[in-house]
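# Architecture and fold: a report
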Amino acid sequence: MRQDFMSKQAVVAEMQSGSPLAQARTILHSAWAELDVGMRQRVPLNTIETRNIEFDAVIKIAAILGVDLEPTQTVGDAPVGPKP
């Protein structure tokens, strides 16, 4: 059986705190939900769409932690997308 990392009270308090951990959890949860819904569509997300959502979440979480991550690969003049 999995042992909880935090008590129920600590989880609720952390979610209400607005801390970097709570913000990162919100981003992770939103990305997870977007992936879940996308995979249940009549035409599910493809691998690139899935990875794009994952990379976007990682960049946003890193920004909360004060780390500036940018995609290092571009194709021609294609934009890499907006900064979080």
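Conventions adopted
- Residues numbered from 1 in each chain as written.
- Predicted model: local features only at pLDDT ≥ 70, side-chain atom pairs only at ≥ 80, totals over all residues.
- Heavy atoms only, no water.
- Helix = DSSP H or I, 4+ residues; strand = E, 2+ residues; numbered from the N terminus.
- Buried < 20%, exposed > 50% of the residue type's maximum accessible area, 1.4 Å probe, protein only.
- Contact = heavy atoms within 4.5 Å.
- Polar contact = N/O pair within 3.5 Å; in protein donor to acceptor, adjacent residues only side chain to side chain.
- Axes fitted to C-alpha atoms, helices over the stretch in contact; angles between N-to-C directions.
- Parallel < 35°, antiparallel > 145°, perpendicular 65-115°, else oblique.
- Core = buried A, V, L, I, M, F, W, Y, C linked by side-chain atoms within 4.5 Å.

## A closer look at the overall build of the protein chain
From N to C terminus, the protein chain includes 3 helices and 0 strands. Mapped from its N terminus to its C terminus, the protein chain presents α and β elements in the order α-α-α. Taking all 84 residues of the protein chain together, the buried fraction comes to 14%. Across the protein chain, the fraction of contacts at a sequence separation of at least 24, relative to all contacts at a separation of at least 6, is 31%.

## Some points on the side chain of Ser19
By the secondary structure assignment, Ser19 is in the loop between α1 (8-17) and α2 (20-39). Overall, Ser19 belongs to the buried group, its relative accessible area being 18%. Within the structure, Ser19 has its side chain in polar contact with the side chain of Glu14 (distance 2.2 Å).

## A short note on the packing of α1 against α2
Where α1 meets α2, the axes come as close as 7 Å, and the angle between the chain directions of the two elements is 90°. If you check the angle between α1 and α2, you find them roughly perpendicular. Contact residues: α1 offers Glu14, Met15 and Ser17, while α2 offers Leu21, Ala22 and Arg25.

## A few points about the nonpolar core
With 5 residues, the main nonpolar core is built from Ile27, Ala31, Leu35, Ile53 and Ala57. Within the residue set of this core, elements represented by two or more residues are α2 and α3 (47-64). At 3 residues, α2 tops the list of elements feeding residues into this core.

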